[in-house]
Amino acid sequence: MNSNKQKARNIAVLGMFAAVTVVFQLLSYAIKIGTFNLSLVLIPIVLGAYLYGVKTGAVLGGVFGVVVTICCFAGLDGGGYILVTASPFLTSAVCIIKGIAAGVASALVAKALKGKNEYLAIILAALTAPVVNTGIFVAAMFVFFKDILASWAGGANVVTYAITGLVGVNFIIEFTINAVMAPSLLRVTKAIKKI
């Protein structure tokens, strides 16, 4: 395939992954398990990062971050809306940075392991994304939004609340979805490579 066709194909694939990322993030506000959103958005980010590398992971993570930011401003994310009213700039920066970092970290893990063990590479890349995404969010809450975090804790220990309330069920759901979907992602990557 000549380089122009390859570039056009890569742009089309990136556009497809970006569209799926937007749709999955918007769906997460509609699909709930109890009070928690069912988030599938990290799956296309990991898949794109695994297949096409760091730049693609960063772009898809950035798309995710921008959509989350818009949803915070629009009030679709109640906690995000509270953060936006406290600091629109910091909220936007945190959302975008955590998304980009999740995509980049997934791509780096995949790149490091891909030649050695594809199965392990996709699983660890898939598990890296929610760890980085949630880790940066929690760290940002302690650094930039400690007063809001304390008010959300309602007098309880802030660290305990962060682990059980912020990380807790939502993180476990994201982590589990990525772990379960990882083997399927490997099959998808092999199918896409044949195209």
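Residues numbered from 1 in each chain as written. Predicted model: local features only at pLDDT ≥ 70, side-chain atom pairs only at ≥ 80, totals over all residues. Heavy atoms only, no water.

### As for helix 2 (residues 42–52)
Most of helix 2 sits inside the fold, with ten of its eleven residues counted as buried. Regarding helix 2, the residues found buried are L42, I43, P44, I45, V46, L47, G48, A49, Y50 and L51. (Buried < 20%, exposed > 50% of the residue type's maximum accessible area, 1.4 Å probe, protein only. Helix = DSSP H or I, 4+ residues; strand = E, 2+ residues; numbered from the N terminus.)

### Points about the nonpolar core
If you look at the biggest cluster of nonpolar residues, it comprises 37 residues, and the most contacted ones within it are V46, Y50 and I122. Listed in part, the eight residues of the second largest apolar core include M141, F145, L149 and L166. (Core = buried A, V, L, I, M, F, W, Y, C linked by side-chain atoms within 4.5 Å.)

### Concerning the packing of helix 2 against helix 3 (residues 54–74)
Interhelical geometry of helix 2 versus helix 3 gives an angle of 160° and a closest axis separation of 7 Å. Judged on the interaxial angle alone, helix 3 and helix 2 are roughly antiparallel. Seen along the crossing, helix 2 lies across helix 3 with a hand that is right-handed. Note on element contacts: helix 3 touches helix 2 through V54, T56, G57, L60, G61 and F64, opposite L42, P44, I45, G48, A49 and Y52. (Axes fitted to C-alpha atoms, helices over the stretch in contact; angles between N-to-C directions. Parallel < 35°, antiparallel > 145°, perpendicular 65-115°, else oblique. Left-handed = near helix turned anticlockwise from the far one by under 90°. Contact = heavy atoms within 4.5 Å.)

### So, a nonpolar patch on the surface
Together, V23, L27 and I31 give the surface a local cluster of nonpolar side chains, amounting to about 220 Å² of exposed area. Among the secondary structure elements, L27 is positioned in helix 1 (residues 3–28). (Patch = residues over 30% accessible without salt bridge, like charges linked within 9 Å, V, L, I, M, F, W, Y side chains within 5 Å. Areas by Shrake-Rupley, 256 points an atom, 1.4 Å probe, with all protein chains shown as cover. Salt bridge = Lys/Arg side-chain N within 4 Å of Asp/Glu carboxyl O.)

### A word on the environment of L60
Mapped onto the secondary structure, L60 falls in helix 3. Remark: the alpha-carbon pair of L60 and G99, spanning 39 residues in sequence, is separated by 8.0 Å. Setting aside chain neighbours within four positions, we find L60 in contact with L14, F17, A18, T21, P44, I45 and G48.

### Some points on the environment of A58
Relative to the elements of secondary structure, A58 occurs in helix 3. When the C-alpha positions of A58 and G115 are compared, they lie 21 Å apart, and in sequence the two are 57 residues distant. Leave out the neighbours within four places in its chain, and A58 touches I100, G103 and V104.

### Considering the side chain of N178
Within the secondary structure layout, N178 lies in helix 8 (residues 158–194). Residue class for N178 comes out buried when judged on its relative accessible area of 2%. Apart from residues lying up to four places away in sequence, N178 is in contact with L42, I43, V46, A126, L127, A129 and P130.

### A short note on the state of the cysteines
A complete count under the given rule lists zero disulfides for this structure. Looking at the unpaired C72, the closest cysteine sulfur is the one in C95, lying at 4.3 Å. (Disulfide = S-S within 2.5 Å.)

### Some words on the packing of aromatic side chains
Applying the stated criterion across every chain, the model contains one aromatic pair. When the ring of F171 is compared with that of F175, the centres are 5.5 Å apart and the planes differ by 35°; the resulting orientation is tilted. You can see F171 and its partner F175 sitting in helix 8, four residues apart, about one turn around the helix. Judged by its relative accessible area of 18%, F171 falls in the buried class. (Phe/Tyr/Trp six-rings, centres within 6.5 Å; stacked < 30°, edge-to-face > 60°.)

### Thoughts on the side chain of T128
As for its placement among the helices and strands, T128 is situated in helix 6 (residues 118–144). Polar contacts involving the side chain of T128 include one to the main-chain carbonyl oxygen of L124, which spans 2.6 Å. (Polar contact = N/O pair within 3.5 Å; in protein donor to acceptor, adjacent residues only side chain to side chain.)

### Comments concerning the confidence of the model for the protein chain
With 93% of its residues at a pLDDT of at least 70, the protein chain reaches an overall mean of 87. For the protein chain, the element scoring lowest by mean pLDDT is strand 2 (residues 36–37), at 64; helix 5 (residues 88–113) scores highest, at 96. (pLDDT = per-residue confidence, 0-100.)

### Points about the packing of helix 2 against helix 6
Their axes nearest at 9 Å, the elements helix 2 and helix 6 cross at an angle of 135°. Relative to helix 6, helix 2 is oriented oblique. Crossing hand, helix 2 versus helix 6: right-handed. In contact with L42, V46 and Y50 of helix 2, helix 6 contributes E118, A121, I122, A125, A126, A129 and P130. Its residues assigned to classes, the contact of helix 2 with helix 6 shows nine nonpolar, no polar and one charged. (Nonpolar A, V, L, I, M, F, W, Y, C, P; charged D, E, K, R; others polar.)

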